[in-house]
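The primary structure of each chain is shown beneath.
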Amino acid sequence: MANSVPPLTTRAPVYISVNLDVQLSHVRDILSSMTGISFSSPLKTESDHYPALLEVFQKMGSVFRVKDKSRIECVLYNLVTCCDSIPDQYRNEFFKAICQGFRSDVIKSDVIVRLEYIELFFISFPDSERGKAQLLRTYLELCTQHNSLSRLSWVTLPNLKKWSSHWDLKSGKDKYELFSLVKDAMKAAGRDVEYLEILVEINSIFPPNRLKEAAVELICTVLNNPNEFYLDKYSILPTLREEKLLNKPDLYQLFQIMLTYHYSDFKKFLSNHPNTMTDFKLDRVTLENKIKLLTLVDLGAKSTIVSFEQITRALDLTATQVDGLVIEAVTHGLCQARIDEMSQTVQFLHVPARIFNNEQWKYLHTRLQHFKESLKTNIPTDLKLS
């Protein structure tokens, strides 16, 4: 299922029952026969339905010991259909009970089974169901605690944005718990930058102080990454759009320099802010090399032929260092270039824009129009574009 949870391998038949009490009775009989669980809640009148269903969920931990996976699946499908009839005033308690059942008596061998059925419960409810936030927290906890991080592929920025718009988490505790769990799970899965993007972009979920912490950590992480050059996608994140939101003016200024400016600006910044690198644990060597590479390709964007002398003057290099820097820029995909040792020049064949703005969109539109016109004049008449 695209952009969703992984599909389960099998689907067991669901008991079709007119009355909830009959369906619950079926489920309790199956659970008792499989696990030996006994149930004390009566099931005689309509008012008994919800306490009885709550007890089933609270005792669900033992279900995952059963080796017959198809029978577990049958039980859980029936429980999903039972949940559909729960009145709104009871739903929060029932989602708590569901999560309690999934968390109880966990052993390593049944973690994957539990995760599969949390996924099943998750997709069985509409996105507007706020209780899904509790399910997601339980899922993240189990994935992180039991090293099943590969299953987190469906917990993505687009999905979290969609879900959070429905859940409307107003409680500070709920926001903090979800923040912490997403952070721990993503970091453990090696998706550091992605989780920071999630926290900074979905700013309606998280407390303001956590947003600022995440924004600072995001900037420091991408600045220290020797392979991360184009920062345009981070600059449009809501929390980074205005300096006052970040509340770290020197770090924000450095971010802007790495975004659009050059080596000379970087040197001036270091002169005016000598403690910034230490304060934010930034690697000066990495940043200096990155800004030199970006300045180099900006020279190539202005003129297709650039002399060694221009490069050495702009970047405080010797002539013998130019070759290595150009090769590094090409290796990182920052440009396409040729070095002419005889003339001591560099020919830049292609330089991508550091920021994709209106000017780049216009250029792309013009190139596409030229391409379309070229196709019209070079293909058979009966195939020409309209």
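To be clear, the structure that these remarks concern was listed above.
Residues numbered from 1 in each chain as written. Predicted model: local features only at pLDDT ≥ 70, side-chain atom pairs only at ≥ 80, totals over all residues. Heavy atoms only, no water.

Re the overall build of the protein chain
Looking only at helices and strands, one finds 19 helices and 3 strands in the protein chain. Counting over 386 residues, the protein chain shows a buried share of 45%. Relative to all contacts within the protein chain whose residues are 6 or more apart in sequence, the contacts with residues 24 or more apart total 65%. About 20100 Å² of surface is accessible on the protein chain, with carbon and sulfur atoms providing 52% of the total. (Helix = DSSP H or I, 4+ residues; strand = E, 2+ residues; numbered from the N terminus. Buried < 20%, exposed > 50% of the residue type's maximum accessible area, 1.4 Å probe, protein only. Contact = heavy atoms within 4.5 Å. Areas by Shrake-Rupley, 256 points an atom, 1.4 Å probe, with all protein chains shown as cover.)

Description of the packing of helix H17 (residues 308-315) against helix H18 (residues 319-331)
In a packed pair of helices, the relevant descriptors are the angle between the two axes and the axis-to-axis distance. Taken N-terminus to C-terminus, the directions of H17 and H18 make an angle of 90°; their axes are 9 Å apart at the nearest point. Between H17 and H18, the angle is such that the two are roughly perpendicular. The residues of H18 that touch H17, namely those facing Phe308, Ile311, Thr312 and Leu315, are Ala319, Val322, Asp323 and Leu325. Its residues assigned to classes, the contact of H17 with H18 comprises 6 nonpolar, 1 polar and 1 charged. (Axes fitted to C-alpha atoms, helices over the stretch in contact; angles between N-to-C directions. Parallel < 35°, antiparallel > 145°, perpendicular 65-115°, else oblique. Nonpolar A, V, L, I, M, F, W, Y, C, P; charged D, E, K, R; others polar.)

Brief notes about the sheet that holds strand S2 (residues 336-340)
Strand pairing in a sheet is mediated by backbone hydrogen bonds. Such pairs are either parallel or antiparallel. Read from one edge to the other, the open sheet built from 3 strands follows the order S1-S3-S2, with strand pairing classed as antiparallel. The outermost strands of the open sheet, each flanked by one partner alone, are strand S1 (305-307) and S2. This sheet shows a mean twist of 25° between the axes of neighbouring strands, independent of strand direction. Bridge count between S2 and strand S3 (residues 345-350): 5 bridges; the pairing is antiparallel. By the bridge assignment, Asp340 is partnered in S3 with Thr345. Most of the contacts of H17 go to S1, to which it runs at about 65°, and overall it touches S1, S2 and S3. Packing of H18 onto the sheet brings it into contact with S2 and S3, and relative to S2 it is tilted by some 160°. (Pairing = 2+ DSSP bridges.)

So, H18
Of the positions making up H18, those classed as buried are Val322, Leu325, Val326 and Ala329. Along the axis of H18, the buried residues cluster in a sector spanning 100°; they form a single face. Those residues of H18 that are exposed and aimed more than 90 degrees away from the buried face are Thr320 and Thr331. (Arc of directions from axis to C-beta.)

Focus on the packing of aromatic side chains
For any pair of aromatic rings, the description consists of the separation of the ring centres together with the inter-plane angle of the planes. The full count for this structure, using the stated rule, is 2 aromatic pairs. With centroids separated by 5.3 Å and ring planes inclined at 65°, the aromatic side chains of Phe122 and Trp154 adopt a geometry described as edge-to-face. Of this pair, Phe122 sits in helix H5 (residues 111-124) while Trp154 sits in the loop between helix H6 (132-145) and helix H7 (157-167), placing them 32 residues apart in sequence. Note on Phe122: relative accessible area 3%, which makes it buried. Ring pairs connect the aromatic residues Phe122, Tyr139 and Trp154, which therefore count as one cluster. Over the aromatic face of Phe122 sits the side chain of Lys132, whose NZ or CZ is 4.3 Å from the ring centroid. (Phe/Tyr/Trp six-rings, centres within 6.5 Å; stacked < 30°, edge-to-face > 60°. Lys NZ or Arg CZ within 6 Å of the ring centre and 35° of its normal.)

A short note on H5
Taking 1.5 Å of rise per residue, the 14 residues of H5 would be expected to cover 20 Å, and the 20 Å separating its terminal C-alpha atoms lies within 8% of that figure. Counting buried positions along H5 yields 11 of 14 residues, so the element is predominantly enclosed. For H5, the complete set of buried residues consists of Val111, Val113, Arg114, Leu115, Glu116, Tyr117, Ile118, Glu119, Leu120, Phe121 and Phe122. (Expected span 1.5 Å × (residues − 1).)

Brief notes about the pairing of S3
In the sheet, S1 pairs with S3 via 3 bridges, with the strands oriented antiparallel. When the sheet's bridge partners are listed, Ile305 is paired in S3 with Gln347.

What to know about the nonpolar core
Counting residues in each nonpolar core, the largest one holds 48 residues, and the members touching the most others are Phe57, Leu79, Phe121, Leu135, Leu136, Leu140 and Leu152. Those elements that place two or more of their residues in this core are helix H1 (20-35), helix H2 (49-58), helix H3 (69-83), helix H4 (88-103), H5, H6, H7 and helix H8 (172-188). Among the elements that make up this core, the one with the highest residue count is H5 (8 residues). Every residue in contact with Leu135, bar those within four places of it in the chain, is listed here: Phe95, Ile98, Cys99, Ile118, Phe121 and Phe122. (Core = buried A, V, L, I, M, F, W, Y, C linked by side-chain atoms within 4.5 Å.)

Section: the pattern of salt bridges
Considering all chains together, one arrives at 7 salt bridges under this definition. With its nearest N and O atoms 3.0 Å apart, the salt bridge here joins Arg151 to Glu119. Within this pair, whereas Arg151 is found in the loop between H6 and H7, its partner Glu119 is found in helix H5, the two being separated by 32 residues in sequence. Here Asp298 ties to Arg354 by a salt bridge, and the two come within 2.7 Å at their closest N and O atoms. Taken together, the positions of Asp298 in helix H16 (residues 284-302) and Arg354 in the loop between S3 and helix H19 (358-378) put the pair 56 residues apart, joining distant regions of the chain. On the basis of relative accessible area, Asp298 is assigned to the buried category, the value being 16%. Arg354 sits in the buried class, given a relative accessible area of 9%. Several salt bridges share partner residues, and in doing so they unite Arg284, Glu288 and Lys292 into one network. (Salt bridge = Lys/Arg side-chain N within 4 Å of Asp/Glu carboxyl O.)

Side note on unusual backbone geometry
For Asn147, which is not glycine, the phi dihedral falls at a positive 50°. Of note, Asn147 is situated in the loop between H6 and H7. Given a relative accessible area of 62%, Asn147 falls into the exposed group. In this model, Lys281 sits at a positive phi of 55°, which is unusual for a non-glycine residue. Of note, Lys281 is situated in the loop between helix H15 (276-279) and H16.

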